[in-house]
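The primary structure of each chain is shown beneath.
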Amino acid sequence: MQKESPSALKRGLKNRHIQMIALGGAIGTGLFYGSADSIQLAGPVVLIAYLLCGAAIYLVVRAMGEMSVDDPNSGAFSHYAYQNWSQRAGFVSGWNYWFNYIAVAMAELSVVGLYINYWLPQVPHWASAAFFIVAITTANLIGVRAYGEFEFWFAIIKVIAVVGMIVLGLIVIIFGITNNPELSPPSFSNLIADGGFAPFGLVGLIAALPPVMFSFGGLELIGITAGEAVDPKRSLPKAINGVIWRILIFYIGAITIIMAVIPWRTIDGKMSPFVQIFDNVGIGGAAHILNFVVITAVLSVYNSGLYSNGRMLYSLASQGNAPKYLTKLSRNGVPWAGVLTSSLITVIAVVVVFQWPEFAFKYMMSVAVIAGIINWSMIMITQAKFRKRIGPEAASKLTFKLPGGLFTTFGVLAFLGLIVVLMAMSEGYRMAVIVGPVWLLILLVSYEIKTRRKLKN
């Protein structure tokens, strides 16, 4: 079985890049805006939902980390599925993840114009999208170091925003500062004052699990950096082990502070909870601050998506699961063919959104949602097959093992299965569950067509 040579790509990502890429992956629009929906579904008990989903996604990343530290490769889960499962699994895993990020980038870039229009109302939405596509594509073509630097500073901005909000919130709670006398004063008692900690009971907690789970999407990007990390066997475990603390601080910590400063029933999603907390203490320019942070988050998503998609196409082509031209590298070791191809397809996807917005968001985003579940499930199954392939003796010598072994693997798979059941029961996610099997069938049929054409040639 042919293996991709990790040395074909330049190892330009330093430890600080890996740390911030991991950190940035945990902070996005799902926190800045999406957290409002989760809070409304469950009330303060949403914190438990974040704990449960955070633990599950941490174990998914640990499963991938076990394989990445043993065999650092930029193809990550696609490469490991190909190596430990089958060529078909490598094809499905790689193309599923590639399209997932195309759809996510499509969604982010199609609305970035709204954020730019907040300051520059005369700029057309397509112009904003075009400018950022060109800028981020150029940065990715320069080299992996340029990508790492961009993502490093994008992550720094998001971290400062969240930490600033937490510090401000603590000061507000301690001194009881408020600019809105109609609301109850800032206090941790707000977590239990209105209907208790779980106002909707277990039903509310369960209903919040799907949106909370998808807010963690992107953390698996750490694995893709393995093929270009300067010292992957040291930096990857450090970055992955820090994921759980980032989840505790940046999600659970931030949302706890938000619900302590602002009564949870007033967090209605009409504006970001971050804007509400600034407004509640009378800090002017809150919307401007958040608008800047959200634009940064959008650029971070596309920057990461283009980086990972370029490497994924390179890996798929190395496996024989994508056209051979996608293995082409620049002098700087950048898979430029994969980067430019991904960028071009993203442009087409964004044009589709502008022309047929309802169709694009209804179906393409449904694929993106279910693609996350497929990807996480395949990572867990691949890890089990990896253990089986190397055998007990080699497994005992692994330096970064998944805690709990197969018990953890099947436990996470069961939890992901529960998420799918809950999605089927939710009107907002039901379309994804319907589209999911169709999407998998398209991938499997595509593989069969590709295989038969290869045999004929």
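Residues numbered from 1 in each chain as written. Predicted model: local features only at pLDDT ≥ 70, side-chain atom pairs only at ≥ 80, totals over all residues. Heavy atoms only, no water.

Here we look at the overall build of the protein
A tally of regular secondary structure across the protein gives 19 helices and zero strands. In terms of overall dimensions, the protein is globule-like: its C-alpha atoms have a radius of gyration of 22 Å, near the 23 Å expected for 457 residues. Looking at the 457 residues of the protein, the share that counts as buried comes to 57%. For the protein, the share of sequence-separated contacts (at least 6 apart) that also reach a separation of at least 24 residues comes to 82%. Total accessible area on the protein stands at roughly 18,500 Å², and carbon and sulfur atoms take up 68% of it. Of the charged side chains in the protein, 32 are positive and 19 negative, and the gap between their average positions amounts to 13 Å. (Helix = DSSP H or I, 4+ residues; strand = E, 2+ residues; numbered from the N terminus. Rg over C-alpha atoms; globule rule 2.2 N^0.38 Å. Buried < 20%, exposed > 50% of the residue type's maximum accessible area, 1.4 Å probe, protein only. Contact = heavy atoms within 4.5 Å. Areas by Shrake-Rupley, 256 points an atom, 1.4 Å probe, with all protein chains shown as cover. Lys, Arg positive; Asp, Glu negative; His and termini not counted. Charge placed at Lys NZ, Arg CZ, Asp CG, Glu CD.)

Remarks on the confidence of the model for the protein
On average, residues of the protein carry a pLDDT of 84, and 95% of them reach 70 or more. Helix H1 (residues 15–25) is the least confidently modelled element of the protein, averaging 69 in pLDDT, while helix H18 (residues 405–425) averages 93, the highest of any element. In this model residues 1–7 is a low-confidence stretch, pLDDT under 50, and it forms 18 contacts with partners more than four residues away in sequence or in other chains. (pLDDT = per-residue confidence, 0-100.)

Topic: the pattern of salt bridges
One pass over the full model with this rule turns up four salt bridges. Measuring nitrogen to oxygen at the nearest pair gives 2.8 Å for the salt bridge that ties Glu-66 to Arg-387. In this pair, Glu-66 sits in helix H4 (residues 46–70) while Arg-387 sits in helix H17 (residues 357–396), placing the two residues 321 residues apart along the sequence. A relative accessible area of 2% means that Glu-66 is categorised as buried. (Salt bridge = Lys/Arg side-chain N within 4 Å of Asp/Glu carboxyl O.)

Considering the packing of aromatic side chains
For any two aromatic rings, the description comes down to two numbers: the centre-to-centre distance and the angle of the planes. For the structure shown, the criterion picks out 15 aromatic pairs. Measuring from ring centre to ring centre gives 5.4 Å for Tyr-97 and Tyr-101, while their planes differ by 85 degrees; the resulting arrangement is edge-to-face. Placement of both Tyr-97 and Tyr-101 in helix H6 (residues 87–119) is noted, with a separation of four residues, approximately one turn of the helix. On the basis of relative accessible area, Tyr-97 is assigned to the buried category, the value being 0%. With relative accessibility at 9%, the residue Tyr-101 sits in the buried group. Summarising the aromatic geometry, the rings of Phe-200 and Trp-264 are spaced 5.7 Å apart at their centres and angled 85 degrees between planes, so their arrangement reads as edge-to-face. Here Phe-200, found in the loop between helix H9 (190–193) and helix H10 (201–214), pairs with Trp-264, found in the loop between helix H13 (243–261) and helix H14 (273–280); they are 64 residues apart in sequence, far enough to count as distant. Following the ring pairs from residue to residue traces out a cluster consisting of Phe-91, Trp-95, Trp-98 and Tyr-447. Residue placement shows Arg-62 over the ring face of Phe-400; its charged tip is 4.1 Å from the ring centre. (Phe/Tyr/Trp six-rings, centres within 6.5 Å; stacked < 30°, edge-to-face > 60°. Lys NZ or Arg CZ within 6 Å of the ring centre and 35° of its normal.)

Side note on the environment of Ile-345
Along the chain, Ile-345 falls in helix H16 (residues 336–355). Along the sequence, Ile-345 and Ala-103 sit 242 residues apart, while their C-alpha atoms lie 9.9 Å from each other. Not counting chain neighbours up to four residues away, the residues in contact with Ile-345 comprise Trp-98 and Ile-102.

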